[in-house]
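Per-entry structural report
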Amino acid sequence: MPATLQSAAWIASLMLSAVQAAPYEGPLFDMHLHYNVEAFDPHPLSDVLGRLERSGVRAVVANSRPNEGTRTLASAREDVAAAGVAVVPFVRLYRNRADYTGWFEDESIYRMVLDELQRGTPAGPYRGLGEFHLYDSAHADGPVARRLMLLAQERRLLVLAHVDDVAVEKLLAHAPATRFVWAHTGIGGVPVDRVRAMFRRYPNLMGELSYRPGLTEQGRLSPAWRELLTAYPDRFAIGSDTWINPRWSAYEVLMREAREWLGDLPPDIAHRIGWANAAEWFGMAAPSPMRARP
């Protein structure tokens, strides 16, 4: 190839890379947000809503330990509306940290969930259960785990679960029609090929992408994950997982990082994963343009 053509091809390649690398600029739906009790003092509601607004986050799935944090977000309707954020409340299974390790066989957890579902929130009824954890996949067969999956299926609630691939299969065996959001799309870095096989087998399985090992390489979307997200563009959503206060302090950085790797996808797929998939799962309309606040 003549030198002039080589130079032109090189410049064209650089220009294409620059276009592909432009961050996603549309609305974001945070599918995995906690406002846990330890965040209340260092991150009061005004701080939380300010971080969401500055990040262009227009909707969140809120679930908190205890559920008071979610109710606090749902109760502040005027402030939440002023920040341009919609709150989708989930019932979390934890009253305290001790509940993390035994909820799957604790009947008091099941009664607490029923009470919360009956109570609802000022933002409307609860739309899902979780996030919950299973540190041993065998516990997915626990009596309360089984009953809660059946409850979610009966009431058309989404489930947000931090579990391994074996536990996903066990939980969905109890209630195959349940819409299941796999927190982090697999703990410990479940191989991409295994994730792909799971998505083929379970049409109600969706992936949430916070903390996902291998998703990015030096801040950019990895080739393997770009291929998977492109193959299943309607099955993924982003999240922050503000499970500890440093995640709140870094919230705007986390959302900028998400915008960077979303920008490596075709614009329509970036919009689906950044906003539209989660919005459609909850029947939510497109957000109105943000107006400058006085």
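Residues numbered from 1 in each chain as written. Predicted model: local features only at pLDDT ≥ 70, side-chain atom pairs only at ≥ 80, totals over all residues. Heavy atoms only, no water.

The protein appears in an unreviewed UniProt entry as Amidohydrolase family protein from Aquincola agrisoli.

To continue, consider the overall build of the protein. Across its full length, the protein carries twelve helices and ten strands. Relative to the 2.2 N^0.38 estimate, which gives 19 Å for 294 residues, the radius of gyration of the protein is 20 Å and therefore close to what a compact globule would have. Principal-axis analysis of the C-alpha atoms gives the protein an extent of 75 × 50 × 30 Å. Buried residues in the protein amount to 52% of all 294 residues. For the protein, the proportion of contacts with a sequence separation of at least 24, taken over those separated by at least 6, is 76%. (Helix = DSSP H or I, 4+ residues; strand = E, 2+ residues; numbered from the N terminus. Rg over C-alpha atoms; globule rule 2.2 N^0.38 Å. Buried < 20%, exposed > 50% of the residue type's maximum accessible area, 1.4 Å probe, protein only. Contact = heavy atoms within 4.5 Å.)

It is worth spelling out the sheet that holds strand 1 (residues 28–33) at this point. Spatial strand order, 1-2-3-4-5-6-7-10: eight strands in an open sheet with parallel pairing. Lying at the two open borders of the sheet, with one neighbouring strand each, are strand 1 and strand 10 (236–237). Bridging between strand 5 (residues 158–162) and strand 6 (residues 180–182) involves three bridges; their strand directions are parallel. Paired with V159 across the strands is F180, a residue of strand 6. With respect to the sheet, helix 7 (residues 165–174) is in contact with strand 4 (128–133), strand 6 and strand 7 (205–208), its orientation differing from that of strand 6 by roughly 175°. (Pairing = 2+ DSSP bridges. Axes fitted to C-alpha atoms, helices over the stretch in contact; angles between N-to-C directions.)

Now for helix 7. For helix 7, the set of buried residues is D165, A167, V168, L171, L172 and H174. Its buried side turned inward, helix 7 meets strand 4, helix 6 (143–155), strand 6, helix 8 (192–201) and strand 7. Near the N-terminus of helix 7, the side chain that reaches the backbone nitrogen of V166, with its oxygen 3.2 Å away, is that of D164. (Polar contact = N/O pair within 3.5 Å; in protein donor to acceptor, adjacent residues only side chain to side chain.)

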